[in-house]
2 protein chains.
Amino acid sequence: MATFQKLAKQLLESTVSRNAARNIYTTCKRCKAKIIDGKAMALDLQEEVRIEVKVLVDKGDRPPHLSAVLVGEDPASQTYVRNKMRAAKFTGISSETIRFDKSITEKELLSKINELNNDSGVDGILVQLPLPDHMSEKKVCNAVVPWKDVDGFHVTNVGRFCSDMYSLLPCTPAGVMEMIKRSGIETFGKNAVVCGRSKNVGMPIAMLLHSDGMGETEAGDSTVTICHRYTPREQLVAFCKMADILVVATGIPGLITADMVKEGVAVIDVGLNKVKNPETGKYKLVGDVDFEPVSKKASFITPVPGGVGPMTVAMLMKNTLLAARSYIPYDKGTSTKDSDGRKGSRGGKGRKKGGGRKKG
Amino acid sequence: MATFQKLAKQLLESTVSRNAARNIYTTCKRCKAKIIDGKAMALDLQEEVRIEVKVLVDKGDRPPHLSAVLVGEDPASQTYVRNKMRAAKFTGISSETIRFDKSITEKELLSKINELNNDSGVDGILVQLPLPDHMSEKKVCNAVVPWKDVDGFHVTNVGRFCSDMYSLLPCTPAGVMEMIKRSGIETFGKNAVVCGRSKNVGMPIAMLLHSDGMGETEAGDSTVTICHRYTPREQLVAFCKMADILVVATGIPGLITADMVKEGVAVIDVGLNKVKNPETGKYKLVGDVDFEPVSKKASFITPVPGGVGPMTVAMLMKNTLLAARSYIPYDKGTSTKDSDGRKGSRGGKGRKKGGGRKKG
């Protein structure tokens, strides 16, 4: 018995010192994070959407319809749109890709969007970004009516979710929250750090993590720190080390290294960077997190690719379903000089009174 | 000379030890924060508004007009509205208080707001909160058209400033940012901690502190941590101790004590609490910060009363001026099923193209 204990102690010490020497941050308690399988989770979510679409169709309704607007020939954009169309097909959502040459004027594009806005056969409109330099992405995204804005980029949708009202949420932030919830990562009262303050990703994630869990957006109740390009390096490290949940969306490959995180952190890597291997000359996709070493300290981690990406696509399908079923109580009022969010007594067409965002 | 140095050293040591013994956090470098005089700063701002109003009137335009809607007899609300009307008078803004008995129905109130919306003689509409329990504050605030929403509570305005677009900003957050700027408190790359996550105060302050300083909202570029009721006490202390700028808006008198802040912090106290002196039985107004001890460690501090309060009123005047001059490029488009933020090719009436928020 004494010998066994002695051996165990030796083994423990040798492990600790060997790891310390190699600067690999393992303990005897946990040697590997649970890798969150974004692909599998997205498939689950798509399957749920598929069942709900089937219920609709079985009732005799037409399936939800998603129109994707694609301008130019950017290969990455083409891939993204193709993936979205594939997911639509899987879920039974009918879809179309409307392609334009990159020479299209902003006015022509806005006119097409207006046509889709007024087409009662279209439930969701998605404008694939980036757009060519000669047009304003803000203007084009805000041209989609809020209740068909399945990307959640319209200023009305931003105002709604920032005010903790039901809305079509931006897909990536919604996907991140869904991954956190489905993985069983606790958010209540935890320290969450969001690296990146973009208005489409970092900001909404920070909003959904810190807001009231009992509110309409069913947010996280975490204490949230937003770090960004002007956060001094040493402060970034200090905040990351305090994080129970670390969401990284900076576009800087390998920004987060193992020495910057604490044991047991849950890491969500939103980064998607194409980096060249200097030896082979081949490109590969990596996130913003130094995956291997960090995964040895974390309790949960998302891989890149196969993490947040597929969840983003799945949330787009969910949004299209929500839009088709008018789950979000938008005011589609018809008086002049109106604006959305003004819930007057007129009551919008197709508005489902008392309806709320579907729990997913 | 030797004797002088010896004496100085003794004096220094005795000061340090005495302070340490008394647990008062002073150093020899700084014994007192600069107290930010909110009243004086608000008067400066109002004077600037007054001059601009005078320019308008001298040109032959009518003065800007502010309509305040007051429901019920709440004494605090009456005082607030009275102060706002007084500031309007000072700045040359014409104003009226529209009073309703607390028995008014929501429908009647919405109908009155709609009338003000359509009245071209009204530039700004302010609904004094709180409203009676039988109506929805969200619904009523969202009934004001965004371009007359001088309180900055409309979902379109929230969406706009959260998206870093020009907007009528909520008055208290805008006042806090203005105080920080006018006091010369540096925000770029600093650690800011916001205690309180209310959608009217804490959230917008966090948004304005962390966002891009080169953007339309001219935000602070700080690293921002949002703490709230579910932030564990020890985490709250840890974050507050890291803060270069500490904004407190919790409604908890004396929440922030001297042991929770670091030397040289800039403290903005948004709290306004009526507390009873158990000995005298008299009430007095206090903030969320334990003023005297904290002011001995801070570099800047705002008093309560006389800090953020007057600035809030001044920002309301500025917003009314901005609304009257159509400085914010809202789309007041008239097509059906439109929504604000959709900047189509129609061009809103009264919209000043390329106009931006006035730097103040």
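Residues numbered from 1 in each chain as written. Chains lettered and ligands numbered in written order. Predicted model: local features only at pLDDT ≥ 70, side-chain atom pairs only at ≥ 80, totals over all residues. Heavy atoms only, no water.

Undergrad: Tell me about the overall build of chain A, residues and numbers included.
TA: Tallying secondary structure elements over chain A gives eleven helices and eleven strands in all. Residues counted as buried form 54% of the 360 residues belonging to chain A. Sequence-distant contacts, at least 24 apart, represent 68% of the contacts inside chain A between residues at least 6 apart. Looking at chain A as shown, the accessible area adds up to about 15900 Å², and 54% of this sits on carbon and sulfur atoms. (Helix = DSSP H or I, 4+ residues; strand = E, 2+ residues; numbered from the N terminus. Buried < 20%, exposed > 50% of the residue type's maximum accessible area, 1.4 Å probe, protein only. Contact = heavy atoms within 4.5 Å. Areas by Shrake-Rupley, 256 points an atom, 1.4 Å probe, with all protein chains shown as cover.)

Undergrad: Hey, could you go over the packing of aromatic side chains for me, with residue numbers and the actual values?
TA: All names here are of chain A. According to the stated counting rule, one finds five aromatic pairs over all chains in the structure shown. Seen in terms of ring centroids, W147 and Y330 are 6.3 Å apart; in terms of plane orientation they differ by 55 degrees. Their pairing is tilted. Separated by 183 residues along the polypeptide, W147 in the loop between α5 (137–141) and α6 (155–162) and Y330 in the segment after α11 (308–324) bring together distant segments of the chain. Y330 carries the same exposure label as W147, and that label is buried. Directly above the aromatic system of Y283 lies the positively charged group of K274, at a separation of 5.5 Å from the ring centroid. (Phe/Tyr/Trp six-rings, centres within 6.5 Å; stacked < 30°, edge-to-face > 60°. Lys NZ or Arg CZ within 6 Å of the ring centre and 35° of its normal.)

Undergrad: An account of the interface of chain B and chain A is requested, with residue identities and associated values reported.
TA: Counting residues at the interface gives 56 residues for chain B and 55 residues for chain A. Interface area for chain B against chain A, summed over the two sides, is near 4900 Å², with a carbon-plus-sulfur share of 59%. For the salt bridge of R197 of chain A with D212 of chain B, the shortest nitrogen-to-oxygen distance reads 4.0 Å. Linking chain B with chain A are 21 residue pairs in polar contact (both at pLDDT 80 or more), by the criterion used here. Of all elements in the fold, only α4 (106–118), α5 (137–141), α6 (155–162), α8 (202–210), β6 (223–227) and α9 (233–242) of chain B reach the threshold of two or more residues within the side of chain B that touches chain A. Among the elements that make up the side of chain B that touches chain A, the one with the highest residue count is α6 of chain B (six residues). Counted by class, the side of chain B that touches chain A contains 20 nonpolar, 22 polar and 14 charged residues. Here three bridges tie strand β6 (residues 223–227) of chain A to β6 of chain B, and the two strands are oriented antiparallel to one another. Across the sheet, residue V224 of chain A finds its bridge partner in β6 of chain B, namely I226 of chain B. (Buried area = accessible area lost by both parts, 1.4 Å probe. Salt bridge = Lys/Arg side-chain N within 4 Å of Asp/Glu carboxyl O. Polar contact = N/O pair within 3.5 Å; in protein donor to acceptor, adjacent residues only side chain to side chain. Nonpolar A, V, L, I, M, F, W, Y, C, P; charged D, E, K, R; others polar. Pairing = 2+ DSSP bridges.)

Undergrad: Which residues make up the relation of the copies chain B and chain A, and what are the values?
TA: Look at the two chain copies: a rotation about an axis and a shift along it is all it takes to match them. With an RMSD of 0.0 Å, the operation that places chain B on chain A is a rotation of 180 degrees combined with a shift of 0.0 Å along the axis. What we have between these two chains is a two-fold relation. Using C-alpha coordinates, one finds that chain B approaches the rotation axis most closely at G159 of chain B, a distance of 1.7 Å. Looking at the interface residues of chain B, 98% of them are also at the interface in chain A, so both copies use one shared face. (Least-squares fit on C-alpha atoms with pLDDT ≥ 70 in both.)

Undergrad: Explain the UniProt feature "domain: Tetrahydrofolate dehydrogenase/cyclohydrolase NAD(P)-binding" (unreviewed entry) in chain A to me, using residue names and the numbers behind them.
TA: Per the UniProt annotation, the sites labelled "domain: Tetrahydrofolate dehydrogenase/cyclohydrolase NAD(P)-binding" (unreviewed entry) are residues 170–325 of chain A. Between the end C-alpha atoms of residues 170–325 of chain A the distance is 18 Å, and the span holds 34% helix and 18% strand. (UniProt positions renumbered as here; feature names shortened; annotations may be inferred.)

Undergrad: Run through the environment of T225 of chain A, naming residues and quoting values.
TA: Within the fold, T225 of chain A resides in strand β6. Once the C-alpha coordinates of T225 of chain A and A206 of chain A are considered, the two residues, 19 residues apart in sequence, prove to be 7.7 Å apart. Not counting residues up to four positions away in its chain, the partners in contact with T225 of chain A are A192, V193, V194 and F239 of chain A together with T223, V224, T225 and F239 of chain B.

Undergrad: Account for the packing of helix α9 (residues 233–242) of chain A against α9 of chain B, naming residues and giving values.
TA: Two packed helices can be described by the angle between their axes and the distance between those axes. Axis separation between α9 of chain A and α9 of chain B bottoms out at 13 Å; the angle between their running directions is 180 degrees. With respect to α9 of chain B, the axis of α9 of chain A lies roughly antiparallel. Of α9 of chain B, the residues touching α9 of chain A (which contributes Q235, A238, F239 and M242 of chain A) are Q235, A238, F239 and M242 of chain B. Counted by class, the contact of α9 of chain A with α9 of chain B contains six nonpolar, two polar and no charged residues. (Axes fitted to C-alpha atoms, helices over the stretch in contact; angles between N-to-C directions. Parallel < 35°, antiparallel > 145°, perpendicular 65-115°, else oblique.)

Undergrad: So what's going on with the sheet that holds strand β4 (residues 124–127) of chain A? Residues and values would help.
TA: Residues and elements named next belong to chain A. Taking strand neighbours across the sheet as the criterion, the three strands line up as β3-β2-β4 in an open arrangement whose pairing is parallel. The strands lining the two open edges of the sheet, one partner per strand, are β3 (94–100) and β4. Sheet twist, expressed as the average angle between the axes of neighbouring strands with direction ignored, equals 20 degrees. Across seven bridges, the pairing between strand β2 (residues 65–71) and β3 is parallel. Across the sheet, the residue bridging to H65 is S94, located in β3. Strand contacts of helix α4 (residues 106–118): β2, β3 and β4, with the helix running at about 165 degrees to β3, the strand carrying the most contacts.

Undergrad: Outline the nonpolar core, supporting the account with residue identities and numerical values.
TA: Among the nonpolar cores identified, the biggest contains 124 residues, and C162, L209 and V247 of chain A together with C162, L209 and V247 of chain B are the most heavily contacted of them. Residues within four places of L209 of chain A in sequence aside, it is in contact with M177, I180, T187, A192, V194, G220, D221, S222, V224 and V247 of chain A. If you look at the next biggest cluster of nonpolar residues, it comprises 46 residues, including L255, M260 and V294 of chain A together with C240 of chain B. (Core = buried A, V, L, I, M, F, W, Y, C linked by side-chain atoms within 4.5 Å.)

Undergrad: Which residues make up the pairing of strand β4 (residues 124–127) of chain B, and what values go with them?
TA: Residue and element names in this part refer to chain B. By the alternation rule, side chains of β4 split into G124 and L126 and I125 and V127, which are all buried. In this sheet, β4 lies alongside strand β2 (residues 65–71) in parallel orientation, the contact comprising four bridges. Looking across to β4, one finds that S67 is bridged to I125.

Undergrad: Help me get a handle on the pairing of strand β8 (residues 266–269) of chain B, residues and values and all.
TA: All names here are of chain B. Burial along β8 is two-sided: the face carrying A266 and I268 and the face carrying V267 and D269 are both buried. Pairing analysis gives four bridges linking strand β7 (residues 245–248) to β8, with the strands arranged parallel. If you follow V248 over to β8, its bridge partner there is D269. Bridging between β8 and strand β11 (residues 300–301) involves two bridges; their strand directions are parallel. If you follow V267 over to β11, its bridge partner there is I301.

Undergrad: I'd like to hear about the pattern of salt bridges, residue by residue, with values.
TA: Counted according to the given criterion, the structure contains 26 salt bridges over all chains. Between K296 of chain A and E292 of chain A there is a salt bridge, and its shortest N-O distance comes to 3.6 Å. Residue K296 of chain A is classed as partly exposed on the basis of its relative accessible area of 24%. In this structure, K262 of chain B engages D244 of chain B in a salt bridge whose closest nitrogen and oxygen atoms are separated by 2.8 Å. Residue K262 of chain B is found in the loop between β7 and β8, and its partner D244 of chain B is found in the loop between α9 and β7; the two are separated by 18 residues along the sequence.

Undergrad: Describe helix α2 (residues 38–58) of chain B, with residues and values.
TA: All names here are of chain B. Helix length check: α2 (21 residues) gives 30 Å between terminal C-alpha atoms against 30 Å at 1.5 Å per residue, within 8%. All of the buried residues along α2 are G38, M41, A42, L45, Q46, V49, E52, V53 and L56. All buried residues of α2 lie within an arc of 130 degrees about the axis, which places them on one face of the element. Buried residues belonging to α2 abut α3 (75–91), α7 (171–182) and α11 (308–324). Two to three positions downstream of the cap, the backbone nitrogen of K39 sits 3.1 Å from a side-chain oxygen, assigning the N-cap of α2 to D37. With its phi angle positive at about 105 degrees, G60 sits one or two positions after the end of α2. (Expected span 1.5 Å × (residues − 1). Arc of directions from axis to C-beta.)

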